[in-house]
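Listed below are the residues making up each chain.
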Amino acid sequence: MSAFTIDEVKKTFTNGEIEEEILKGVNLTLKEGEITALVGPSGSGKSTILTIAAGLQSASGGEIIFEGKDMTKMSQEEIRHIRATDFGFVFQSSHLVPFLTVEEQLQLMLDVSETKTSKKEQSKAIEEILKLVDMEHRKDAYPSSLSGGERQRVAIARAIIHRPKILFADEPTASLDTKRSKDVMELLQELTRTLHLTTLMVTHDEEMLPYADRIITMRDGYIVE
Amino acid sequence: MKIAWKEMKKSKAKFLILGSIIFLVSFLTFIISGLANGLSQDNAALIKDLPAGQFYLDEDANQTYNLSKIDEDVQKKTLADNPDATAFSIQMGFVNDAEDKQHSVAFVTSTDSDLFQNVREGEIILDRTLEDEGIKVGDVLTNNQFSGEFVVKGFVDQQKYSHAPVAFIQMKNYQEIYRVMEMQAIFIPGKDAPTISGVESFSNKEFLNAIPSYSAEQMSLNMIVWFLVIISGMLFAIFFYMMNVQKIGLYGILKAIGMKTLSLFRMIWYQMIVITVVALALSIALSQGFSIVAPEGMPFHLTLDTVFMLSGVFLVVGFIGATISGFQIKKIEPLQAIQQGEM
Ligand SMILES: Nc1ncnc2c1ncn2[C@@H]1O[C@H](COP(=O)(O)OP(=O)(O)OP(=O)(O)O)[C@@H](O)[C@H]1O
Ligand SMILES: [Mg+2]
């Protein structure tokens, strides 16, 4: 079953006079319950295809089919709504809100996604997710008092608290040491399976590949395998 | 709007600084407008407290009440046609008390009317400020142009003209002091303004502005008040602009995870309203306190009407300032913020 299909997606950047085609027709189908890892040399367009798929920038051509609808034809507001409700994001740095506690970060995401469950259910969900990422003992802490690994785990919790269908992760372990990276990857693997997520992850780190169900290599704006 | 409140709690110092500046500016605004109003009362309470209506001056008077002499026939006819109308005159002068001390006053006389104090010949009714200068009911006052004496009949509140206390005297006495038979002006209360030949008509406001120094005084003070209001709006715009620049990354992330731009605006509005309301509440309390402790001679008169009107203006101006600064949020691309964070 395919929840997400990228079809012949192209991206051209114009730098003054020079037009540069960064993506030259990318085809990719993501599968539910699987982690798809995107690897390849620096500058090959991994982040670009990930952010286009995630609705964070527009494509120059091609189609992105999510639940039967072409996202490239949607309005900004429709795409925002999908980002808020159906997508989760983890980036290289955790990008937490500096003035919210761990618990409040998650509450904010529930508010943004307009999750309509009762307050009680919401705090229960927050508690469960924090347990899942092993951060429930720090639920009242502010990001500044957390370690890099802890922050990244909170970022992952924020990315999944609203039960998204697709999880986008761009080098989620890049700021962590090997031990922490492996913890985070194990967590992503477990979450993808138990919550039936569809996960697209960009990584540079060979050691993280065993956690992926599928490995896709990019080179010069193409998928080579 | 928990997120907005949380941010204020976390960055207390920043918001306290903005809040104190807004407080100081609004406090200063209230004080100055209290002074403007106080001076205007001091200068023209006699005229300001009249109901809305029409004033008439002699056509040849060059819009100056001092030079105006209403033709007696015109006056007779106008007063007969308009039962509420009254003819009156004002001249600056002075009275001497029993110890021969001089007190400046504005002598006012009028035809029979409810709008001005009516006194009999040889009697005088004074503004209350003269009571503070030691004059009592029953005292005898003199004037060097006047053959008789004035017996103080009583005092009235808030009757000032051209920064001098008003002294109401009878028409005959007035005519003797100033050696004129004609009255200076006619006032007809009410909305309709009958056209009367030989005289020029003025609204209350126009007549006030015809008082020398009145408009100059009010204009400069009101200009300061409006400058302060505009400055406070700019403070909001600049403050939130700088805050927003620091938070571009944060706004980008919030947009990336799907927050509406409108929610980000709400955040700024909420913060602006909290700051303004707290600052204004303090200013209102303090400026009301100030009107109690203001030094005796200081013409300070701040009504709650003025305070609430100005507070409303502050809120509107703050809202506009904060909103203008928010336009840059609209332009923020989520992606740009994410990449900036990684650099
Ligand atoms: N906004 C942009 N304007 C112009 N060129 C861009 C822009 N964004 C990306 N590029 C270019 O597109 C190419 C691919 O960038 P991308 O970030 O997708 O690479 P990547 O595979 O993620 O690399 P890395 O592994 O280093 O993160 C690069 O050559 C980059 O310079
Ligand atoms: Mg990249």
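Residues numbered from 1 in each chain as written. Chains lettered and ligands numbered in written order. Predicted model: local features only at pLDDT ≥ 70, side-chain atom pairs only at ≥ 80, totals over all residues. Heavy atoms only, no water.

- If you check an unreviewed UniProt entry, chain B appears there as Putative hemin transport system permease protein HrtB from Sporosarcina newyorkensis 2681.
- On record in UniProt, under Subcellular location (unreviewed entry), the comment for chain B is "Cell membrane".
- Within the UniProt record for chain B, the comment given under Function (unreviewed entry) is "Part of the ABC transporter complex hrt involved in hemin import. Responsible for the translocation of the substrate across the membrane." (UniProt positions renumbered as here; feature names shortened; annotations may be inferred.)

- Per an unreviewed UniProt entry, chain A goes by the name Putative hemin import ATP-binding protein HrtA and belongs to Sporosarcina newyorkensis 2681.
- According to UniProt, the comment filed for chain A under the heading Function (unreviewed entry) is "Part of the ABC transporter complex hrt involved in hemin import. Responsible for energy coupling to the transport system."
- The record held by UniProt for chain A lists under Subunit (unreviewed entry) the comment "The complex is composed of two ATP-binding proteins (HrtA), two transmembrane proteins (HrtB) and a solute-binding protein."

1. Some thoughts on the domain arrangement of chain B
All names here are of chain B.
- Considered domain by domain, chain B is made up of domain 1 (2-43 + 215-342) and domain 2 (53-202).
- Centre-to-centre separation of domain 1 and domain 2, based on C-alpha positions: 47 Å.
- On the domain 2 side, the residues contacting the six residues of domain 1 number six residues.
- At the boundary of domain 1 with domain 2, total buried surface from both sides reaches about 510 Å², with 28% on carbon and sulfur atoms.
- Counting across the domain 1 and domain 2 interface gives one salt bridge.
- Of the charged contacts, one joins D42 and K160 as a salt bridge, the two residues approaching to 2.5 Å between their closest N and O atoms.
- Joining domain 1 to domain 2, the criterion identifies five residue pairs in polar contact (both at pLDDT 80 or more). (Domains from an automatic or database assignment. Contact = heavy atoms within 4.5 Å. Buried area = accessible area lost by both parts, 1.4 Å probe. Salt bridge = Lys/Arg side-chain N within 4 Å of Asp/Glu carboxyl O. Polar contact = N/O pair within 3.5 Å; in protein donor to acceptor, adjacent residues only side chain to side chain.)

2. Brief notes about the pattern of salt bridges
- Scanning the entire structure with this criterion turns up 22 salt bridges over all chains.
- Measuring nitrogen to oxygen at the nearest pair gives 3.4 Å for the salt bridge that ties D86 of chain A to K165 of chain A. Separated by 79 residues along the polypeptide, D86 of chain A in the loop between α2 (76-85) and β6 (87-90) and K165 of chain A in the loop between α5 (148-160) and β7 (166-170) bring together distant segments of the chain.
- Given a relative accessible area of 14%, D86 of chain A falls into the buried group.
- According to the relative accessible area criterion, K165 of chain A is partly exposed, its value standing at 36%.
- With its nearest N and O atoms 2.8 Å apart, the salt bridge here joins K77 of chain B to D81 of chain B. (Helix = DSSP H or I, 4+ residues; strand = E, 2+ residues; numbered from the N terminus. Buried < 20%, exposed > 50% of the residue type's maximum accessible area, 1.4 Å probe, protein only.)

3. Describing the site of ligand 1
All names here are of chain A.
- Taken together, F13, I22, P41, S42, G43, S44, G45, K46, S47, T48, E171 and H204 make up the full set of residues adjacent to ligand 1.
- Interatomic distance of 2.5 Å between a side-chain N/O atom of S42 and an oxygen atom of ligand 1.
- Side-chain polar atom of H204 to an oxygen atom of ligand 1: 3.0 Å apart, as the coordinates give it.
- A total of 630 Å² of accessible area belongs to ligand 1 in isolation, and the protein chains cover 65% of it.
- The residue makeup of the shell around ligand 1, split by class, is three nonpolar, seven polar and two charged. (Near = heavy atom within 4 Å. Areas by Shrake-Rupley, 256 points an atom, 1.4 Å probe, with all protein chains shown as cover. Nonpolar A, V, L, I, M, F, W, Y, C, P; charged D, E, K, R; others polar.)

4. Brief notes about the interface of chain B and chain A
- Contact with chain B, which involves 21 residues of that partner, is made by 24 residues of chain A.
- Carbon and sulfur atoms supply 68% of the area buried between chain B and chain A, which totals about 2,100 Å² over both sides.
- For the pair chain B and chain A, the interface holds three salt bridges.
- With a closest N to O distance of 3.5 Å, E104 of chain A and K2 of chain B form a salt bridge.
- The interface formed by chain B and chain A holds six residue pairs in polar contact (both at pLDDT 80 or more) in total.
- Breaking the side of chain B that touches chain A down by element, the ones donating at least two residues are α1 (2-10), α8 (248-256) and α11 (334-342) of chain B.
- Ranked by the residues each element gives to the side of chain B that touches chain A, the list is headed by α11 of chain B, at six residues.

5. Observations concerning the UniProt feature "transmembrane region" (unreviewed entry) in chain B
All names here are of chain B.
- The feature "transmembrane region" (unreviewed entry), as annotated in UniProt, sits at residues 223-243, 264-286 and 306-327 in this numbering.
- End-to-end, the C-alpha atoms of residues 223-243 are 30 Å apart, and along that stretch the chain is 100% helix and 0% strand.
- The distance from the first to the last C-alpha atom of residues 264-286 is 33 Å, and the span holds 100% helix and 0% strand.

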